[in-house]
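Architecture at a glance
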Amino acid sequence: MSNPVLNFCIRLMKWLPVVFITLIVLWSYYAYVVEMCVFAITSLPQKVVYLVLYHVFFLIFVWSYYQTIFAPVGKPAQEFYLSKADVDRLEHEDREDRQQQYLAQMAKDLPLVTRTIGGSIRYCEPCQLIKPDRCHHCSMCGTCVLKMDHHCPWVNNCVGYSNYKFFVLFLGYGLLYCIYVAGTSVEYFVKFWNKELDDTIGNGRFHILFLFFAAAMFSISLVSLFGYHLYLVFSNRTTLESFRTPMFRHGPDKDGFNLGSSNNLKEVFGEDRRLWFLPVFTSFGDGMSFPTRRTSEDSHQLLNDRQRWAEEGEGDISDRETALTTVQPPGRSRVHVEAET
């Protein structure tokens, strides 16, 4: 039996990184607005310009962070879940090849193109569902997550289909926020070392000193992380897929979901460019049906209709691959939870 007190403590501990980041952001707001702009800067026009620009960066950054944290985890549709009767039949099946055949039969009408390393249908025992493409089980969230990228402790949430756009914007606006703070406070950082700051601001000098250091250090960290996720966006990969190549019916293919930079960008940010830079949900599709590039093996006929979307901009990908009627996996394959990294 689970201990409710222990579970509450665990949930509370998961929020500590978010609380830490929130406290740093709130302190930076006080240090910049009060100690630097109000007390350290003497020019009124400079105060106004700095404060207006600062609040623009601050608000869009906080908005993106909020959306990343509180966006619901994207879960598979009900059609991917097995009924209780199907689960019982699967669990009581002794032969592994029969288990795989049974899963293949149940998945024949589902939009699936990826497989396990052994070539079998991807099945999640804890959730009792057939995994959609790019879906993985998160042990921290206790559920399968659509297009899972990774579980981020700094937002206490899984980064996936439902909030990946928010996460990328959070990194980008966080970087801009830090660069702006560091760039506008460096003048007063230099004055601090040259002992040119007015003594009337007292301990505010140390706030400005640490404000510059914190902004500069976070800028260095965010520039590499933001650049890496931009690379993933333009190549249409997730963090998990960059470490473990997706397995298709025709074999492993690290660029299997790559539709070209333009279409890859639209898959995450949507087709309306006016909304690309706002933390509102505009990602393409339903998180369970993903267009793929055409394979060299025409006999498989993988997603010709979905490829047409990439070439002609069609949004209707409701046609399922009728070729997925039967999958004969190797006899050594097992129906167990796929190892998640």
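It should be emphasised that the depicted structure is a prediction, and the values quoted were computed from it without experimental measurement.

**Some thoughts on the side chain of Glu-241**
Take Glu-241: it is sitting in helix α8 (residues 239-243). Of note is the side chain of Glu-241, whose polar atom sits 2.8 Å from the side chain of Arg-134. Once you skip the residues sitting within four places of it in the chain, Glu-241 turns out to touch Arg-134, Asn-236, Pro-246 and Phe-257.

**What about the packing of aromatic side chains?**
Using the criterion set out here, one finds 23 aromatic pairs in the structure. With a centroid separation of 5.1 Å and 40 degrees between ring planes, the pair formed by Phe-57 and Tyr-180 is classed as tilted. Of the two residues, Phe-57 sits in helix α3 (residues 44-70) while Tyr-180 sits in helix α6 (residues 164-193), which places them 123 residues apart along the sequence. Look at Phe-167 and Phe-170: their rings are 6.3 Å apart centre to centre, the planes differ by 50 degrees, and that puts the pair in the tilted class. Remark: Phe-170 and Phe-167 occur in helix α6; sequence separation between them is three residues, near one turn of the helix. In this structure, Arg-134 is placed above the aromatic ring of Phe-257, and the distance from its NZ or CZ to the ring centre is 4.1 Å.

**Let's talk about the UniProt feature "transmembrane region" (unreviewed entry) in the protein chain**
Within the UniProt annotation, "transmembrane region" (unreviewed entry) is assigned to residues 12-32, 48-66, 166-186 and 206-234. Secondary structure content for residues 12-32 is 95% helix and 0% strand, and the end C-alpha separation is 30 Å. Summarising residues 206-234: 100% helix, 0% strand, and an end-to-end C-alpha distance of 42 Å.

Rules used throughout
- Residues numbered from 1 in each chain as written.
- Predicted model: local features only at pLDDT ≥ 70, side-chain atom pairs only at ≥ 80, totals over all residues.
- Heavy atoms only, no water.
- Helix = DSSP H or I, 4+ residues; strand = E, 2+ residues; numbered from the N terminus.
- Polar contact = N/O pair within 3.5 Å; in protein donor to acceptor, adjacent residues only side chain to side chain.
- Contact = heavy atoms within 4.5 Å.
- Phe/Tyr/Trp six-rings, centres within 6.5 Å; stacked < 30°, edge-to-face > 60°.
- Lys NZ or Arg CZ within 6 Å of the ring centre and 35° of its normal.
- UniProt positions renumbered as here; feature names shortened; annotations may be inferred.

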